[in-house]
Amino acid sequence: MKNYFKLLALLLPLAGFVACSDDDKDVKTNKVPTPVKETLTELYPDANYVEWELNHGYYVADFYNAEDRSEKEVWIEKDGDWQMTVSDIIYNQLPEEVQVSFESGEYKDWYADDIDVITRPVYATIYIMDV
């Protein structure tokens, strides 16, 4: 009986890892609809080494953009409608007013570890800082 509980104690954590699912599904470039690829090329003509995944019905292109030296995720609907771009930037690339706000706020002594910029059609730009 002791061996049964030991085995159960060893296997139970593995069940937790197996139960966690990744909603992202890798997609080969040749399976990405043409309108989606055309939108990406139109927005980021220098995008190289693009990796595609399908996330909640959106085609998401992951790549490094040499023009502004940032990693990007571009979310596009299957008909080619661009939905948003998430860019990973460094602190100095933030607009001055965002830097001033952070440096005068309650977290001014904290270190900004990761910064994402979310741009979407029609909506205001969002800056997300992990501190």
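Report follows, based on the coordinates. Just so you know, the residues in each chain are numbered from 1, in the order the chain's sequence is written. Where local features are concerned, this predicted model is filtered to residues with pLDDT of at least 70; where side-chain atom pairs are given and counted, the filter is 80 or more; whole-chain, interface and lining totals use all residues. Hydrogens and water molecules were not included; the side-chain quantities draw on all heavy atoms of the structure.

## Examining the pairing of strand β6 (residues 114–119)
The cut-off we apply is this: Between any two strands, pairing holds if DSSP finds at least two bridges. Helix and strand labels come from DSSP, where a helix needs a run of H or I of at least four residues and a strand needs a run of E of at least two; each type is numbered from the N terminus.
Relative to β6, strand β5 (residues 82–89) runs antiparallel, the two sharing five bridges. Its bridge partner being in β6, S87 is matched across the sheet by V117. Hairpin connection, β6 to strand β7 (residues 126–130): the antiparallel pair is bridged by six residues, and V122 has positive phi, about 80°.

## Examining the pairing of strand β2 (residues 48–55)
Looking at chain direction, strand β1 (residues 25–27) and β2 are connected through three bridges and run antiparallel. By the bridge assignment, K25 is partnered in β2 with L54. Bridging between β2 and strand β3 (residues 58–65) involves six bridges; their strand directions are antiparallel. When the bridges of β3 are listed, N48 appears paired with Y64. Here β2 folds back onto β3 in antiparallel fashion, the turn holding two residues, of which H56 has a positive phi close to 55°.

## Describing the sheet that holds β1
Definition in use: Whenever a helix is involved, its axis is fitted only over the stretch in contact; in every case the axis is a line through C-alpha atoms, and angles between N-to-C directions fall within 0 to 180 degrees.
If you trace the seven strands from one edge of the open sheet to the other, you get β1-β2-β3-β4-β5-β6-β7, paired in antiparallel fashion. On the outer flanks of this sheet lie β1 and β7, each paired with one strand and no other. When strand polarity is set aside, the average angle formed by the axes of neighbouring strands in this sheet is 25°.

## A word on the nonpolar core
To keep things clear, this is the line we draw: The term nonpolar core refers to a set of buried residues drawn from Ala, Val, Leu, Ile, Met, Phe, Trp, Tyr and Cys, joined through side-chain atoms within 4.5 Å. To sort residues, take the accessible area from a 1.4 Å probe on protein chains only and compare it with the maximum for the residue type: under 20% means buried, over 50% means exposed, and anything in between is partly exposed. The contact criterion used throughout is that any non-hydrogen atoms of two residues lie within 4.5 Å.
Among the nonpolar cores identified, the biggest contains 12 residues, and these are V27, V32, V36, L40, Y44, A47, W52, Y59, A61, F63, V74 and I76. For this core, the secondary structure elements donating two or more residues are α2 (34–43), β3 and β4 (70–76). Examining the composition of this core, we find that three residues originate from one element, β3, more than from any other. For V27, the residues in contact, after removing those within four places along its chain, are V32, W52, E53, L54 and Y59. Residues Y91, F102, A112 and I115 belong to the second largest nonpolar core, which totals seven residues.

Scope: geometric values only; no functional claims are made or implied.
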